[in-house]
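# A closer look at the structure
One-letter residues, chain by chain:
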Amino acid sequence: MQLSAYSSERVSVAIGLCVVMLAALPRYMAGGHETRQTLLVMALVLVAGAAIFQWKMLSQSARQTLPGLIKRLIVMIVAGAIVMGAWHAIFTDWISWQVFISHAATCGLLLHAVSLWWTAREM
């Protein structure tokens, strides 16, 4: 099986990474970390640009699979919020909502990437 350099799965993970970076922004804003916030915004612009480039290079059939992968990403982010909510409820004191959404988005992206990997291994 030959892997394409451009795949809808990669685009969905790049979009998920953009969501994670956006979810981390309030955390840095609340903490007064302007340098980290600036670096994060620059990284966000680069990753979003790469995702757009990858999307433009996709075949028409690969573009048609992207909406399903985005729905899957959303479900995984919600699952990440549930997992992190349970984790923090059981093992930690209350953290700020900024940290919670950052952790939830990260967990969701990891779940999404692992589920894509498992699906690819089954083929």
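Just above, that's the structure.
First things first, this report covers the structure right here in the doc. (Residues numbered from 1 in each chain as written. Predicted model: local features only at pLDDT ≥ 70, side-chain atom pairs only at ≥ 80, totals over all residues. Heavy atoms only, no water.)

## A short note on the packing of aromatic side chains
Applying the stated criterion across every chain, the model contains two aromatic pairs. Over the aromatic face of W55 sits the side chain of R63, whose NZ or CZ is 4.1 Å from the ring centroid. (Phe/Tyr/Trp six-rings, centres within 6.5 Å; stacked < 30°, edge-to-face > 60°. Lys NZ or Arg CZ within 6 Å of the ring centre and 35° of its normal.)

## Thoughts on the state of the cysteines
Within this structure, the stated rule accounts for zero disulfides. For C18, which is in no disulfide, the shortest distance to another cysteine sulfur is to C107 and amounts to 19 Å. The buried category is assigned to C107, whose relative accessible area is 15%. (Disulfide = S-S within 2.5 Å. Buried < 20%, exposed > 50% of the residue type's maximum accessible area, 1.4 Å probe, protein only.)

## Focus: the nonpolar core
What tends to happen in soluble globular proteins is that the nonpolar side chains get buried as a cluster. Counting residues in hydrophobic clusters, the biggest one holds nine residues: A14, C18, M21, A24, L25, L40, L44, V47 and A51. Broken down by element, the residue count for this core peaks at five residues, all from helix α1 (residues 8-31). If near-sequence neighbours (up to four positions away) are discounted, M21 is found in contact with L40, A43, L44 and V47. Core analysis: the second largest hydrophobic core is formed by five residues, V20, A23, L73 and L109 among them. (Core = buried A, V, L, I, M, F, W, Y, C linked by side-chain atoms within 4.5 Å. Helix = DSSP H or I, 4+ residues; strand = E, 2+ residues; numbered from the N terminus. Contact = heavy atoms within 4.5 Å.)

## Quick notes on the packing of α1 against helix α3 (residues 60-91)
Two numbers describe how α1 lies on α3: the axes approach to 9 Å, and their chain directions differ by 40°. In terms of axis orientation, α1 runs oblique to α3. α1 and α3 meet at a crossing whose hand is right-handed. Contacts between α1 and α3 involve S8, E9, V11, S12, I15, G16 and V19 from the first element and A62, T65, L66, L69, I70, L73 and I77 from the second. A breakdown of the residues in the contact of α1 with α3 according to their chemical character gives nine nonpolar, four polar and one charged. (Axes fitted to C-alpha atoms, helices over the stretch in contact; angles between N-to-C directions. Parallel < 35°, antiparallel > 145°, perpendicular 65-115°, else oblique. Left-handed = near helix turned anticlockwise from the far one by under 90°. Nonpolar A, V, L, I, M, F, W, Y, C, P; charged D, E, K, R; others polar.)

Purely spatial values, then, with no claim about function.
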